[in-house]
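Topology and contacts: notes
Next come the chains, spelled out residue by residue.
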Amino acid sequence: MRLFTGCFAHESSGFSPIPTSIENFREAMLHRPSRSEIVEGRYNSIECALSAKGEERGHEVVESVGAVAMPSGPMVKADYESVRNEIVSDLKKAMPVDAIAVFLHGAQLGQGYDDCEGDLLAALRAVAGPDVPIGVEIDLHGNVTQAMVDNATLVIACKEYPHSDFLERADELLDVLEAAVAGRVRPVASWRRLPMMGIFHTTRQPMRGMVDRISAMEKEPGVLSVSIAHGFPWHDTPHTGAAVIVVTDNDRALGDALAARIGAELFAMREDIAAPQTSLDEAFAEAAAAADGLVIIADTADNAGGGAASDSTFFLHEMIRRGTDRAAIGMIWDPVAVDLAFTAGVGATLAMRIGGKTSPLSGVPVDAEVTVTALNTKLSQVAFGYRRVVGRAAALRTGGIDIVLIAHREQVHSPDCFTEMGIDLSAKRLLVVKSAQHFHARYSPLASKIIYAVAPGATSVDFTTFDYHRLPRPIWPLDAEAAFVA
Ligand SMILES: [Zn+2]
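Only a predicted model underlies this, so the values are computations on that prediction, with no experimental measurement involved.

Observations regarding the nonpolar core
- Core analysis: the biggest nonpolar cluster contains 162 residues, and Val-155, Ile-245, Ile-403, Val-404, Leu-405 and Ile-406 have the highest contact counts within it.
- Per-element accounting of this core gives the leading share, seven residues, to helix H6 (residues 166-181).
- When residues of this core are assigned to domains, at least three fall in each of domain 1 (2-273) and domain 2 (280-460).

Quick look at the structure:
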């Protein structure tokens, strides 16, 4: 079949202090085949796997834009519109096509746009007409909207957090599109929004069992796909919240019933699946009381992967104040400090000001005498199965604490971001990582204990710290009266 593909993915936080323009995509990944502009960027991205998989399956693939940027604030209006219009224009040129497969994030904002995915899909549908199946793969941290469901034929979210299943979901999306084009199935979507928001790890029960149950449901007759979108809580929009999407083979009654049943189950377990909220003091106390081995504290509120600056200093200040030994922390975004470390050179000891620059949520800078222990121009780590370049990085030591600083904002995914800086994690007792959960995939085998801690920050799961105005109310956990009626 003739398959049109594209990827325009940005997790935008309405509370991020970091603005977003086309330059942030160029830095990470921006492929524009129709303009002959292939910018390699620093990412090798799983988000653009639909094109490669379409070709592997022997389809005639017409590839449009492939654009991914680090999570940050809403995209500059003109830049969002320009990329959207380019994809739509590529589709016009590519018509007629048999099917469309795109990867979108699900939580993308542009200035003046609180539902970029719905906006883009409506534009694609207007060009494609009512009969061409449009398949969309999203990150489970997406806020599903009526415009998305109305304009796409099927929306499939990844099921795992950490997101280890993007490639499997891409295959499922293509399976359903192929069947639809061949006339073997007629996908019909049912969906329910849930009045709840939060961060739900699929590595822990009872969420693990929930994912296994919806995967089993996909094998039942008439069911093509079941997705739980966890939602993206740092959006102050009328769409914010979790959702269930069930795609059936032309059986709306079955889809509606399943969506309601799964929604009720998920809402009932909300207290048990919410990410733990351990305070900074409790985290240090739990770490001190833990058995031998490496204790990892996740600084979840300063997660670059959710749009935070990743330059907050709450943990570093506390580690220094407590005289923490055999410890490491990273990765702290501070391009100025990285430059100073490169100028000083490995082995230099100097007074340095670290972090605490981007907003009040970053805390106040740390002033410390540090020794530069390592410099790296091409630090890299493994993210979602691909090696991804982080770029310039410096390792500093102050007292018993190793600190990894980076020039390009990234969350911690794999241990390489410490080991490539000469830091031996097997010799450490305490490690603080700036990540909410993606670190878990590759760090959990090294850890004797993992603590999810909540300091102040742009990705805090203490939602009372944010000023919501447009959020649909009541919504759990802010409103105790929130209820889901199946
Ligand atoms: Zn996500």
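Observations regarding the pairing of strand S7 (residues 154-157)
- Here S7 shows a buried face lined by Leu-154 and Ile-156 and a second buried face lined by Val-155 and Ala-157.
- Where strand S6 (residues 134-138) lies against S7, four bridges are found, and the strand directions are parallel. Its bridge partner being in S7, Val-136 is matched across the sheet by Val-155.
- Handedness of the S6-helix H5 (residues 146-151)-S7 crossover: right-handed.

Details of the environment of Asp-479
- Positionally, Asp-479 belongs in the segment after strand S18 (447-453).
- Under the C-beta neighbour-count criterion, Asp-479 is labelled exposed, with 12 such atoms within 10 Å.
- The spatial distance from the C-alpha of Asp-479 to the C-alpha of Ser-279 is 22 Å, given a sequence separation of 200 residues.
- In this structure Asp-479 touches Arg-473 and Pro-474, once residues within four positions along its chain are discounted.

So, the sheet that holds strand S10 (residues 242-249)
- The strand order across the open sheet formed by three strands is S8-S10-S9, and the pairing between neighbours is antiparallel. The outermost strands of the open sheet, each flanked by one partner alone, are strand S8 (187-194) and strand S9 (223-229). Averaged over all pairs of adjacent strands, the angle between strand axes in this sheet comes to 10 degrees, irrespective of strand direction.
- Relative to S10, S8 runs antiparallel, the two sharing eight bridges. Within S10, the position partnered with Leu-194 by the bridge is Ala-242.

Some details on the sheet that holds S7
- The strand order across the open sheet formed by seven strands is S3-S2-S4-S1-S5-S6-S7, and the pairing between neighbours is mixed. Edge positions in the open sheet fall to strand S3 (37-39) and S7, since each of these has one partner strand only. With strand direction ignored, the average angle separating the axes of adjacent strands in the sheet is 20 degrees.
- Across the sheet, helix H3 (residues 77-94) touches strand S1 (2-9), strand S2 (29-32) and strand S4 (60-68), and the angle it forms with S4 is around 175 degrees.
- H6 rests against strand S5 (99-104), S6 and S7 of the sheet, and its axis sits at about 170 degrees to S6.

Concerning the environment of His-440
- Looking at where His-440 falls in the secondary structure, it is placed in helix H14 (residues 440-443).
- Classification of His-440 as buried rests on a count of 23 C-beta atoms within 10 Å.
- Here the alpha-carbon distance between His-440 and Thr-203, two residues 237 residues apart in the chain, equals 8.7 Å.
- Discounting chain neighbours no more than four positions away, the residues touching His-440 are Pro-162, Thr-203 and Ile-450.

Reading the values: rules and limits
- Residues numbered from 1 in each chain as written.
- Predicted model: local features only at pLDDT ≥ 70, side-chain atom pairs only at ≥ 80, totals over all residues.
- Core = buried A, V, L, I, M, F, W, Y, C linked by C-beta atoms within 7 Å.
- Buried ≥ 20, exposed ≤ 12 C-beta atoms within 10 Å, placed from the backbone.
- Helix = DSSP H or I, 4+ residues; strand = E, 2+ residues; numbered from the N terminus.
- Domains from an automatic or database assignment.
- Pairing = 2+ DSSP bridges.
- Right-handed = clockwise from strand over helix to strand, strands pointing away.
- Contact = placed C-beta atoms within 7 Å.
- Axes fitted to C-alpha atoms, helices over the stretch in contact; angles between N-to-C directions.

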